[in-house]
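These are the residues of each chain, in order.
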Amino acid sequence: MMENQDNILHEVTQSDYKYGFYTDIETEVIEKGLNEQVVRTIWEKKGEPDFMLEFRLNAYRKWLKMEMPDWAYLKIPPIDFQAISYYAAPRKKPKYESLDEVDPELLDTFNKLGIPLEEQKHLSGVAVDAVIDSVSVKTTFKETLAEKGIIFCSFSEALKDHPDLVKKYISMAVPVGDNYFAALNSAVFSDGSFCYIPKGVRCPMELSTYFRINAANTGQFERTLIVADEDSYVSYLEGCTAPMRDENQLHAAVVEIIAMDRAEVKYSTVQNWYPGDKEGRGGIFNFVTKRGICRGESSKISWTQVETGSAITWKYPSCILLGNNSVGEFYSVALTNHHQQADTGTKMIHIGKNSRSTIVSKGISAGVSDNSYRGLVKIMPGAANCRNFSQCDSLLMGDKCGAHTFPYIEVGNSSSIVEHEATTSKIGEDQIFYCNQRGISTEDAIGMIVNGYAREVLNKLPMEFAVEAQKLLAISLEGSVG
Amino acid sequence: MCVSVEGKEILNGINLEIKAGEVHAIMGPNGSGKSTLANVLAGKDGYEITAGEVTYMGEDLLVQAPEDRARKGIFLSFQYPVEIPGVPMVSFLKTAVNEHRKFRGDKPLSAGEFLKLMREKKKLVELDTELTNRSVNEGFSGGEKKKNEIFQMALLEPKLSILDETDSGLDIDALKIVAHGVNALKSPETSTIVVTHYQRLLDYIVPDRVHVLYKGRIVRSAGKELALELEEKGYDWIKKDNANQP
């Protein structure tokens, strides 16, 4: 009976990655390899201010002295950092003033991905910064946002137009030498998004960055910096896809969020990088450093992630709760199928008094994949009256996959309360039969059960994203139940 | 029909014919194979049909997937309704109803149409309105779960309903409500199989035929009076009569 179930699961999860196409656009790619000269070349090509050269070289030198981290529950094949090109950009004009100038191939690419860059076609008023390979190609709704004093632009533009702001906040949450991949990113990052919400402003629309890897044999290193000044609010979305290729590609991004007094930032990700094929060939290696710092009192940073893509995911969106009464949240659904591996979770560092954090992690493993939650809750001795609640659930499909939980809890005082709950379950054949008996196919039943399991997290996503994420979860499991 | 589970024979020789409009009761002591029969008809995995056949509306039933059987009108009211956390009852039911409609070639119901249908059917079993906003069977009391099964039956309008110990865990008031619901759904085109230990339910859902299942075999069939006889004498006389059975 189990075998039968596994067969069904197997069939249900064999569906294909629908964003795997490649767009033939003229791309400028620099020579493979990494050395100081490459770092200088990137800096020159981007025409950045002088402080950035120092920033990049400093990071590069730190990176040289560092070792690739090996503590995660991941089998990472050796990565030849000299076999990667560190800069790729569509050859035509790097930034477009109007849409007419955008390469139609590019426009078409984003349309295929369901990200129309034509503002009038945009359904719900989401402002988008579209990044292909290393370069931001178009940011929509810039003018509308500028009226409120909101800056939303590519990182390159921010360095040209607002160098002081960037200089003030960059590496505030993620120091250049924080870890191996953050150092690498700091040395070679090519573009990304920058967002500044001024004091007292509530951003009237969702801001979104859409990342697309297109060129072969390149790495993608982008950087996002979000600054929410006092009493401001912003909801930020991030999406990503890549073509299907037999070789692995490296993605090492850095996202920093700074929240000042009473500011609130909500950051949502649907990560759908190419996961590799059913035999485990190809796929993106995703080594990402995401961290927010609640600098101000009563500030709040909330991470929501739906992780379905990448061959390897190494990612821990974290909050440093520096301000008194600050709040950190982490809601995650991580799904692995076939040969995918994920080691993901969060860190909540309580420094401010009365700071609170919530962690809800839902892992789903299918195929022969491995899925780990790794989380740290740390309450400093001076951080009185803090609260943390963590819930880590794992759902297994079939008997060949793995789910692992690595919670680390360090509490430095006696006035704080930390709660941790964890469950592991299998998709029940009883549940599937119950659905079947009501006329629902096994495939639909699995989609429904998994979405039900992840509902608590999906509910945290902005509406449109939630619908996408639900579909994505069902599609990612096609061919895999057990 | 003969059925085994992991090599052990559970049903060995069931002959049953149910015509449109009829209600048949299957009674028998614990472990006689009643639930197995219900599950096999609904197509649950894990049973090996070693011999025999089941014909449903002129078609071989046993080769069909459980969801197809359901769409063709077979409904099983579960003895232990299953919980599905995080899936709201209302969306579960909307999917189920629309799958049935799709199968019949009807257009799917819109959210508004479905809610209207739901309100109408809820009255039948006096189901608490708030329950359909909860996750499937999660946090339902025993009685609510059983009412919920009959509520689903009302929504899906099956041709053959199999009620697997729908009376277990019900107080007398809930039992009446459930029975009333089942009776209201009866028509000359629909048939019902009532699986139960007790005569009590049969006071309210009156069967045309009563069959006694013992050790995987129907050992006695008669009219509704058989249920009363069983109630009076217990199952011991059946057991004695069939002591020589394997």
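What you are looking at is a predicted structure, and each value in this text was computed from that prediction instead of being measured. (Residues numbered from 1 in each chain as written. Chains lettered and ligands numbered in written order. Predicted model: local features only at pLDDT ≥ 70, side-chain atom pairs only at ≥ 80, totals over all residues. Heavy atoms only, no water.)

(A) Highlighting the overall build of chain B. Scanning chain B for helices and strands turns up 9 helices and 13 strands. Taken over C-alpha atoms, the radius of gyration comes to 18 Å for chain B, in line with the 18 Å a tight globule of 246 residues would show. On the principal axes, the C-alpha backbone points of chain B span a range of 60 × 40 × 35 Å. Relative to all contacts within chain B whose residues are 6 or more apart in sequence, the contacts with residues 24 or more apart total 70%. When the accessible surface of chain B is totalled, it reaches about 11,300 Å², and 48% of it is carbon and sulfur. Charge separation in chain B, taken as the distance between the mean sites of 33 positive and 37 negative side-chain charges, equals 2 Å. (Helix = DSSP H or I, 4+ residues; strand = E, 2+ residues; numbered from the N terminus. Rg over C-alpha atoms; globule rule 2.2 N^0.38 Å. Contact = heavy atoms within 4.5 Å. Areas by Shrake-Rupley, 256 points an atom, 1.4 Å probe, with all protein chains shown as cover. Lys, Arg positive; Asp, Glu negative; His and termini not counted. Charge placed at Lys NZ, Arg CZ, Asp CG, Glu CD.)

(B) Here's a closer look at the overall build of chain A. Counting secondary structure elements, chain A contains 12 helices and 23 strands. Looking at chain A residue by residue over its 482 residues, the buried ones come to 64%. Counting contacts in chain A only where the partners sit at least 6 residues apart, residues at least 24 apart contribute 84% of the total. Only carbon and sulfur atoms are counted for the fraction: they give 49% of the accessible area of chain A, which is about 17,500 Å². (Buried < 20%, exposed > 50% of the residue type's maximum accessible area, 1.4 Å probe, protein only.)

(C) Structural view of the sheet that holds strand 4 (residues 48-51) of chain B. All names here are of chain B. Spatially, 3 strands are ordered 2-1-4 in an open sheet, and the strand pairing comes out antiparallel. The strands lining the two open edges of the sheet, one partner per strand, are strand 2 (8-12) and strand 4. Pairwise comparison of adjacent strand axes, ignoring direction, gives a mean angle of 35° for this sheet. As defined by bridge partners, strand 1 (residues 2-5) adjoins strand 4 across 3 bridges and the pair is classed as antiparallel. From the neighbouring strand, Cys2 faces strand 4, where its bridge partner is Ala51. (Pairing = 2+ DSSP bridges. Axes fitted to C-alpha atoms, helices over the stretch in contact; angles between N-to-C directions.)

(D) The arrangement of the interface of chain A and chain B in detail. With 20 residues of chain A at the interface, the matching set in chain B holds 33 residues. Summed over both sides, the interface between chain A and chain B buries roughly 2,200 Å², with carbon and sulfur atoms accounting for 64% of that surface. On the chain A side of the contact with chain B, Phe433(A), Tyr434(A) and Arg438(A) bury the most area, a combined 35% of that side's loss. In this structure, the connection of chain A to chain B is made through 2 salt bridges. The partner of Arg438(A) in a salt bridge is Glu149(B), and the shortest N-O contact between them spans 2.6 Å. Linking chain A to chain B there are 12 residue pairs in polar contact (both at pLDDT 80 or more). (Buried area = accessible area lost by both parts, 1.4 Å probe. Salt bridge = Lys/Arg side-chain N within 4 Å of Asp/Glu carboxyl O. Polar contact = N/O pair within 3.5 Å; in protein donor to acceptor, adjacent residues only side chain to side chain.)

(E) Region of the structure containing the side chain of Arg56(A). Mapped onto the elements of the fold, Arg56(A) is located in helix 3 (residues 50-64). Of note is the side chain of Arg56(A), whose polar atom sits 3.0 Å from the backbone oxygen of Ala187(A).

(F) The packing of helix 5 (residues 142-156) of chain B against helix 6 (residues 172-185) of chain B, seen in detail. Residues and elements named next belong to chain B. Between helix 5 and helix 6, whose axes approach to 10 Å, the crossing angle comes to 15°. With respect to helix 6, the axis of helix 5 lies roughly parallel. Handedness of the crossing formed by helix 5 with helix 6: left-handed. Seen from helix 5, the contacting residues are Lys147, Ile150, Met153 and Ala154; seen from helix 6, they are Ile177, Val178, Gly181, Val182 and Leu185. For the contact of helix 5 with helix 6, a count of residues per class yields 7 nonpolar, 1 polar and 1 charged. (Parallel < 35°, antiparallel > 145°, perpendicular 65-115°, else oblique. Left-handed = near helix turned anticlockwise from the far one by under 90°. Nonpolar A, V, L, I, M, F, W, Y, C, P; charged D, E, K, R; others polar.)

(G) Focus on the pattern of salt bridges. The tally for this structure, following the rule as stated, stands at 31 salt bridges over all chains. With its nearest N and O atoms 4.0 Å apart, the salt bridge here joins Glu264(A) to Lys300(A). One end of the pair, Glu264(A), is in strand 12 (residues 264-271); the other, Lys300(A), is in strand 14 (residues 300-307), and 36 residues separate them in sequence. Accessibility expressed as a relative area gives 23% for Lys300(A), which makes it partly exposed. Of the charged contacts in the structure, one is a salt bridge between Arg71(B) and Asp68(B), with a shortest N-O distance of 3.3 Å. Residue Arg71(B) and its partner Asp68(B) are both found in helix 2 (residues 66-71); the two are separated by 3 residues, about one turn of the helix. Several salt bridges converge on common partners, so that one network encompasses Asp68(B), Arg71(B), Glu99(B) and Lys102(B).

(H) Just the packing of aromatic side chains, in detail. Residues and elements named next belong to chain A. One pass over the structure, following the stated rule, counts 22 aromatic pairs over all chains. Between Trp71 and Tyr316, the ring centres sit 5.7 Å apart and the planes meet at 45°, which makes this aromatic pair tilted. In this pair, Trp71 sits in the loop between helix 3 and strand 2 (88-90) while Tyr316 sits in the loop between strand 15 (312-315) and strand 16 (318-321), placing the two residues 245 residues apart along the sequence. On the accessibility criterion, Tyr316 (11% relative accessible area) is buried. Among the aromatic residues, those joined into a cluster by ring pairs are Tyr60, Trp63, Trp71, Phe81, Tyr180, Phe181, Phe285, Phe287, Trp314 and Tyr316. (Phe/Tyr/Trp six-rings, centres within 6.5 Å; stacked < 30°, edge-to-face > 60°.)

(I) Broad picture of the state of the cysteines. Evaluation of the coordinates by the stated rule reveals 0 disulfides over all chains. In this model Cys153(A) remains outside any disulfide bridge; the closest cysteine sulfur is found in Cys195(A), 9.0 Å from its own. (Disulfide = S-S within 2.5 Å.)

(J) Fine view of the sheet that holds strand 13 (residues 217-222) of chain B. Residue and element names in this part refer to chain B. An order of 7-10-11-3-12-13 is seen for the 6 strands of this open sheet, with the pairing classed as mixed. A single partner strand is all that each edge strand has here, and the edge strands are strand 7 (74-77) and strand 13. Recorded for the sheet is a direction-independent mean angle of 20° between the axes of neighbouring strands.

(K) View of helix 6 of chain B. All names here are of chain B. Counted at 1.5 Å a residue, the expected span for helix 6 with its 14 residues is 20 Å, and the 20 Å between its end C-alpha atoms agrees. Along helix 6, the residues classified as buried are Ala174, Leu175, Ile177, Val178, Ala179, Gly181 and Val182. Residue Asp171 occupies the N-cap position of helix 6, its side-chain oxygen lying 3.2 Å from the main-chain nitrogen of Asp173. (Expected span 1.5 Å × (residues − 1).)

(L) Geometry of the packing of helix 3 (residues 89-104) of chain B against helix 5 of chain B. All names here are of chain B. Look at helix 3 against helix 5: their axes get within 10 Å of each other, and the N-to-C directions meet at 35°. Here helix 3 and helix 5 pass one another in a crossing that is right-handed. Across the interface between the two elements, Met89, Phe92, Leu93, Ala96, Val97 and His100 from helix 3 touch Asn148, Phe151, Gln152, Leu155 and Leu156 from helix 5. Looking at the contact of helix 3 with helix 5 residue by residue, the classes come out as 8 nonpolar, 3 polar and no charged.

(M) Inspection of the environment of Ile84(B) at higher detail. Tracing the backbone shows Ile84(B) in strand 8 (residues 84-88). Sequence separation between Ile84(B) and Asn30(B) is 54 residues; the distance between their C-alpha atoms is 28 Å. Look past the residues within four positions of Ile84(B) in its chain and what remains in contact with it is Gln431(A), Tyr434(A), Cys435(A), Ile449(A), Phe92(B), Ser135(B) and Val136(B).

(N) Layout of the pairing of strand 15 of chain A. All names here are of chain A. Burial of the side chains of strand 15 extends over both faces: Ile312 and Trp314 are buried on one face and Thr313 and Lys315 on the other. Here strand 13 (residues 283-294) runs beside strand 15; their pairing, made up of 4 bridges, is parallel. By the bridge assignment, Phe285 is partnered in strand 15 with Ile312. Where strand 15 lies against strand 18 (residues 341-350), 4 bridges are found, and the strand directions are parallel. What sits directly across from Trp314, in strand 18, is Asp343.

(O) Layout of a nonpolar patch on the surface. Among the surface-exposed residues, Leu322(A), Ile351(A) and Met380(A) lie close enough to one another that they form a single nonpolar patch of about 200 Å² accessible area. Inspection of the secondary structure assignment puts Ile351(A) in the loop between strand 18 and strand 19 (356-365). (Patch = residues over 30% accessible without salt bridge, like charges linked within 9 Å, V, L, I, M, F, W, Y side chains within 5 Å.)

(P) Main features of helix 8 (residues 180-188) of chain A. Residue and element names in this part refer to chain A. Within helix 8, 9 of the 9 residues are buried, leaving the element largely enclosed by the surrounding structure. When we look at burial in helix 8, the residues that qualify are Tyr180, Phe181, Ala182, Ala183, Leu184, Asn185, Ser186, Ala187 and Val188. Its side-chain oxygen 2.9 Å from the backbone nitrogen of Phe181, Asn179 forms the N-cap of helix 8.

Any link to function would need more than the numbers given here.
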